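Each chain is listed here by its residues.
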Amino acid sequence: MAPFSVIKNKLLSQILCVVIYIISFYVAFILTPQSIESIWLKITIWHLYATVFIYIFSVIISNSSLYDPFWSVAPIPIVVYLATQYENSLLLKILVLFPIVFWALRLTRNWIISWKGFEHEDFRYIDLKNTTKFKAEINNFFGIHLFPTFIVNLGLVPLLYILTNNISVNNWLILASIFTFLSVILETISDEQMREFKKNLDNKNKTMKYKLWKYSRHPNYLGEILFWFGIYFMGLSSGLAPV
């Protein structure tokens, strides 16, 4: 029996998950060479170290769903670190950080609501690891952990242009921030509508096609796509990001 596999309680699982993430990100930050001049290279290495630690803990716990909160948790220390390393106006930092923190809280809340604890592992992860032990760990590390980390890291690159340069707040940034915020609103409302739909036992095996779901097959995913476009638009508002 693997260590911690006896932890079935949802709250204990979440507490352990929080502790692991704090340790992973803190130790990863300590291990990241501060002599690196490129701030994005420094962040990338920090990001990768944290991913490796999360992977190691997931192997110890025998549950790759430990990585699930990484999507919403990882961007927060990154954007906060970026915002604190350079002198920009408080308004600019609020316009950039507020929709991102809102997005992270929304996604983390979804995880808290839906995750059952370490007694549950995403069936897709189980399928990816349903092979030889060597191939399973290749899929586990590169497919479940490392590749998604690179996706998140790449998606945050536009923030480098807006937070690490002497940029004044302009109308384009304000519009981009509002666009990003409304994208998260779209996701949040869609999620709540789906939860209400699923609560009704009469809807079992039925397709949700009401309210926002009447106009889009997956309005929550649409909001997610628009959110990342919003980050790109905020980067563009600096006038320095590539089109």
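Refer to the preceding data block for the structure.
Caption draft 1: Representation of the environment of L91 in the model. Positionally, L91 belongs in helix α5 (residues 90-114). On a C-alpha basis, the gap between L91 and L226 in space is 23 Å, while along the polypeptide they are 135 residues apart.

Caption draft 2: Structural context of the pattern of salt bridges. The final tally for this structure, using the stated rule, is eight salt bridges. Of the charged contacts, one joins E121 and K129 as a salt bridge, the two residues approaching to 2.6 Å between their closest N and O atoms. Relative accessible area serves as the criterion here: at 16%, E121 is assigned to the buried category. Among the ionic pairs, D122 bridges to R124, the shortest N-O distance being 2.6 Å. Connected through salt bridges with shared partners, the residues R106, E187, D191 and E224 form a single ionic network.

Caption draft 3: Inspection of the packing of helix α2 (residues 39-61) against helix α7 (residues 133-155) at higher detail. As a packed pair, α2 and α7 sit with axes 10 Å apart at the nearest point and diverge in direction by 150°. In terms of orientation, α2 and α7 fall into the roughly antiparallel class. Where α2 crosses over α7, the handedness of that crossing is right-handed. Contacts between α2 and α7 pair W40, I43, T44, H47, L48, T51, V52, I54, Y55, S58 and V59 from the former with E137, N140, F141, H145, L146, T149, F150, V152 and N153 from the latter.

Caption draft 4: Just helix α10 (residues 219-236), in detail. Over its 18 residues, α10 runs 25 Å from end to end, which matches the ideal 26 Å to within 8%, given 1.5 Å per residue. Among all positions of α10, only P219, N220, G223, F227, G230, I231, M234 and G235 are buried.

Caption draft 5: View of helix α9 (residues 171-199). Between the first and last C-alpha of α9 there are 42 Å, a value that for 29 residues agrees with the 42 Å anticipated at 1.5 Å per step. Its side-chain oxygen 3.0 Å from the backbone nitrogen of W172, N170 forms the N-cap of α9.

Caption draft 6: Molecular detail of the side chain of R106. Within the secondary structure, R106 is located in helix α5. Residue classification places R106 among the buried positions, given a relative accessible area of 10%.

Caption draft 7: Focus on the environment of A104. Topologically, A104 is positioned in helix α5. Along the backbone, A104 and I30 are 74 residues apart, and their C-alpha atoms lie at a distance of 24 Å.

Caption draft 8: Examining the packing of α2 against helix α4 (residues 75-85) more closely. Two numbers describe how α2 lies on α4: the axes approach to 11 Å, and their chain directions differ by 155°. Comparing their axes, α4 and α2 come out roughly antiparallel. As α2 runs across α4, the sense of the crossing is right-handed. On the side of α2, the interface is formed by I39, W40, K42, I43, W46 and H47, while α4 contributes P77, I78, Y81, L82 and Q85. Among the residues forming the contact of α2 with α4, the class breakdown is eight nonpolar, two polar and one charged.

Caption draft 9: Summary view of the nonpolar core. In this structure, V96 and L159 are the most contacted members of the largest nonpolar core, which totals 45 residues. Those residues in contact with L159 that sit more than four places away from it in its chain are V79, L82, V96, I100, T164, I231 and M234.

Caption draft 10: Local environment of a nonpolar patch on the surface. A contiguous nonpolar surface patch, about 440 Å² in accessible area, is contributed by L11, L12, I15, V19 and I23. Mapping L12 onto the fold places it in helix α1 (residues 10-31).

Caption draft 11: Expanded view of the layout of surface pockets. As a volume, the largest pocket reaches approximately 1500 Å³. The set of elements that each furnish at least two residues to the lining of the largest pocket consists of α3 (70-73), α5, α6 (123-128), α7, α9 and α10. Across the lining of the largest pocket, the residue classes tally to 19 nonpolar, eleven polar and twelve charged. Reported here for the second largest pocket is a volume of approximately 220 Å³. Together, 14 residues line the second largest pocket, and C17, V18, Y21, I22 and V73 are the ones closest to its centre. It is α1 that contributes the most residues to the lining of the second largest pocket, eight residues altogether. Among the residues making up the lining of the second largest pocket, the classes are represented as twelve nonpolar, two polar and no charged.

So, how was this worked out
- Residues numbered from 1 in each chain as written.
- Predicted model: local features only at pLDDT ≥ 70, side-chain atom pairs only at ≥ 80, totals over all residues.
- Heavy atoms only, no water.
- Helix = DSSP H or I, 4+ residues; strand = E, 2+ residues; numbered from the N terminus.
- Salt bridge = Lys/Arg side-chain N within 4 Å of Asp/Glu carboxyl O.
- Buried < 20%, exposed > 50% of the residue type's maximum accessible area, 1.4 Å probe, protein only.
- Axes fitted to C-alpha atoms, helices over the stretch in contact; angles between N-to-C directions.
- Parallel < 35°, antiparallel > 145°, perpendicular 65-115°, else oblique.
- Left-handed = near helix turned anticlockwise from the far one by under 90°.
- Contact = heavy atoms within 4.5 Å.
- Expected span 1.5 Å × (residues − 1).
- Polar contact = N/O pair within 3.5 Å; in protein donor to acceptor, adjacent residues only side chain to side chain.
- Nonpolar A, V, L, I, M, F, W, Y, C, P; charged D, E, K, R; others polar.
- Core = buried A, V, L, I, M, F, W, Y, C linked by side-chain atoms within 4.5 Å.
- Patch = residues over 30% accessible without salt bridge, like charges linked within 9 Å, V, L, I, M, F, W, Y side chains within 5 Å.
- Areas by Shrake-Rupley, 256 points an atom, 1.4 Å probe, with all protein chains shown as cover.
- 1 Å grid on protein atoms, 1.4 Å probe; cavity = no way out; pocket = protein on both sides within 12 Å on 5 of 7 lines; lining within 4 Å.
- Points joined across faces, edges and corners; volume = space filled by probe spheres on them.

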